[in-house]
Amino acid sequence: MSALAAVSDLIAGPSPVESPHSAPTAVDLQALTRLLALTAARHDAEGSFPHENFALLQQHGLLALTIGREHGGQGAGLTRAAEVVSAVARGCPATALVLVMQLLQMRQISQPGSRWPEALRQSVLRSAVREGALINALRVEPELGTPARGGVPATLARRTEEGWRVSGRKIYSTGSEGLTWLLVWVGTDETPLRTGFVLVPRHAAGVKIERTWDSLGLRASSSHDVVLDDVLVPLENGVDLRPPAQWAAREFEVSHWMAVLLGSLYGAVAHNARDWLVDFLQQRRPSALGAALATLPRAQEAVGEIEALLQSNRLQLEAAARDVDAGRAWPPTSTGLLKTSVTRNAIEIVERALKLSGNHGTSRANPLERYHRDVLCGRIHTPQEDSALIAAGRAVLVPAA
């Protein structure tokens with residue numbers, strides 16, 4: 001029996017949801033963490049996509065976690081979604097990053113008032129519920145950078161009698177090798193211009209993945225380049241195209257979920273670092289000391305500082321998720337500050353652990369150096385720290401702007 005099969009037996013729960021009226025899947029999240037952790041170091045070293053992890057998540061209904069129950073999903077709110085993301089990240093942060101994108105997109109697609117053509121919407125939701133199909137929005141481009149900072153995408157959707165023909169290059173396309181659906185951020189060739197998403201099947205003719213992702217951290221996230229060369233899709237696959245100014249309201253709502261789920265991911269990495277450090281300090285007994293490092297007041301103070309940072313992150317994330325679930329969404333400036341604060345704290349926790357453990361912490365024989373590489377990726381996600389702080393400062397100093 002494989003390690004995957006052996007440990008998956010520990011995780012309780014029925015097989016994937018098959019009907020809109022199925023009961024939510026019960027999952028032992030601690031067992032899930034242990035299973036995902038078994039191969040995390042190997043996938044990190046190889047830079048390989050953990051396909052088996054997503055088969056496991058699908059087995060327990062977690063790829064449809066935020067899809068509404070009326071569509072066969074579990075209809076989970078932000079609090080539950082954050083709990084699951086944290087458990088997955090404790091095992092494999094790269095898997096958790098792909099899962100975050102899945103949960104965000106599937107929730108948006110299943111929400112009432114979706115602009116998607118209904119038949120296409122139902123098809124995509126069913127593919128996630130029944131087959132574990134993964135989706136992500138591909139937005140970042142070599143020249144554009146992140147769309148959050150403005151600009152029109154170079155990826156072009158040309159309207160023809162046959163349908164949309166899509167050409168362009170997307171970078172940092174998280175999950176690329178495991179995706180079924182690509183939500184490609186485009187500009188149209190129309191006058192006036194529209195921007196938005198065209199749904200492209202991952203295996204459509206003209207779609208190619210270039211394995212460019214060779215990053216310091218989250219190496220198993222398959223965040224490669226995706227090249228689209230005159231890819232033809234039906235006109236109804238232009239699922240959400242709008243005048244550029246209309247995108248602000250949508251980004252406002254999505255940002256709350258994004259901040260909490262990403263915060264939960266990197267907070268989990270920091271928690272792993274804390275656990276490794278505690279074990280190290282309790283086990284390490286230098287001969288000159290004649291006792292464990294854990295007995296030293298300096299070590300106890302340092303771990304106390306880490307506990308304070310962990311508590312700060314936990315309270316912030318729980319409060320934000322609770323408010324969103326209750327319909328009390330935070331303003332964008334507060335959401336940006338949440339993301340900034342939690343990311344800073346997570347990085348600080350891991351760096352404190354490295355400082356205290358010395359050479360042991362930086363050795364590749366121990367996981368702490370991997371936690372450090374992974375947690376640094378928290379700075380990359382939108383909103384970046386400078387944008388979040390400028391927006392918050394502007395709101396205070398120039399409130400009428």
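Quantities reported herein were computed from a predicted structural model and do not represent experimental measurements. (Residues numbered from 1 in each chain as written. Predicted model: local features only at pLDDT ≥ 70, side-chain atom pairs only at ≥ 80, totals over all residues. Heavy atoms only, no water.)

### With respect to the overall build of the protein chain
As a reminder, the rule being used: Secondary structure elements follow DSSP: runs of H or I no shorter than four residues count as helices, runs of E no shorter than two count as strands, and numbering proceeds from the N terminus. For a compact globule the rule gives 2.2 Å times the number of residues to the power 0.38, and the radius of gyration it is set against comes from C-alpha atoms. Each residue is assigned to one of three classes by its accessible area relative to the maximum for its type, calculated with a 1.4 Å probe on protein chains only: buried under 20%, partly exposed between the two thresholds, exposed over 50%. Should any heavy atoms of two residues lie within 4.5 Å, those residues are considered in contact. Under the convention used here, a 1.4 Å probe and the Shrake-Rupley method define accessible areas, while residue burial counts only the protein chains that appear. Residues scored as charged are limited to Lys and Arg (positive) and Asp and Glu (negative), so that His and the chain ends carry no count. Positions of charges follow a simple convention, taking NZ of Lys, CZ of Arg, CG of Asp or CD of Glu.
What the protein chain contains, in helices and strands, is 12 helices and eight strands. For 401 residues, the compact-globule estimate of 2.2 N^0.38 gives 21 Å, and the protein chain sits close to it at 22 Å. Across its three principal directions, the C-alpha atoms of the protein chain cover 80 × 60 × 40 Å. Taken over 401 residues, the protein chain has a buried fraction of 53%. Residue pairs in contact within the protein chain that sit at least 24 positions apart in sequence constitute 72% of those at least 6 positions apart. Counting only carbon and sulfur atoms, one obtains 54% of the accessible surface of the protein chain, whose full area is about 17,700 Å². In the protein chain, 40 positive and 40 negative side-chain charges are present, and the distance between their average locations comes to 3 Å.

### Thoughts on the packing of helix α9 (residues 332-357) against helix α11 (residues 368-376)
Here is the rule: Angular values range over 0 to 180 degrees, each being the angle between N-to-C directions of two axes fitted as lines to C-alpha atoms, with helices fitted over their stretch in contact. Orientation is classified from the angle alone, with under 35 degrees giving roughly parallel, over 145 giving roughly antiparallel, 65 to 115 giving roughly perpendicular, and any other angle giving oblique. In this scheme, a crossing is called left-handed if the near helix is turned counterclockwise away from the far one by less than a right angle; it is called right-handed if the turn is clockwise. Only Asp, Glu, Lys and Arg are considered charged in this grouping, and only Ala, Val, Leu, Ile, Met, Phe, Trp, Tyr, Cys and Pro are considered nonpolar; every other residue, Gly among them, is considered polar.
Running from N to C, α9 and α11 cross one another at 155°; their axes reach a closest spacing of 9 Å. The angle between α9 and α11 falls in the class roughly antiparallel. Here α9 and α11 pass one another in a crossing that is left-handed. On α11, the residues touching Ala 346, Ile 347, Val 350, Glu 351, Ala 353, Leu 354 and Ser 357 of α9 are Leu 368, Tyr 371, His 372, Val 375 and Leu 376. Class assignment for the residues of the contact of α9 with α11 results in nine nonpolar, two polar and one charged.

### A closer look at the pattern of salt bridges
Selection criterion: Between Lys or Arg on one side and Asp or Glu on the other, a salt bridge is scored when a side-chain nitrogen of the former is within 4 Å of a carboxyl oxygen of the latter.
Counted under the stated rule, the structure contains 25 salt bridges. Close ionic contact of Glu 190 with Arg 194 constitutes a salt bridge, the shortest N to O distance being 2.9 Å. Residue classification places Glu 190 among the partly exposed residues on the basis of a relative accessible area of 22%. In this structure, the salt-bridge partner of Arg 328 is Asp 323, at a minimum N-O distance of 2.9 Å. A residue is classified by how much of its surface remains accessible, and Arg 328, at 46% relative accessible area, is partly exposed. A cluster of three or more residues bridged by salt bridges with shared partners is formed by Arg 90, Arg 274, Asp 275 and Glu 307.

Geometric values such as these leave the question of function open.
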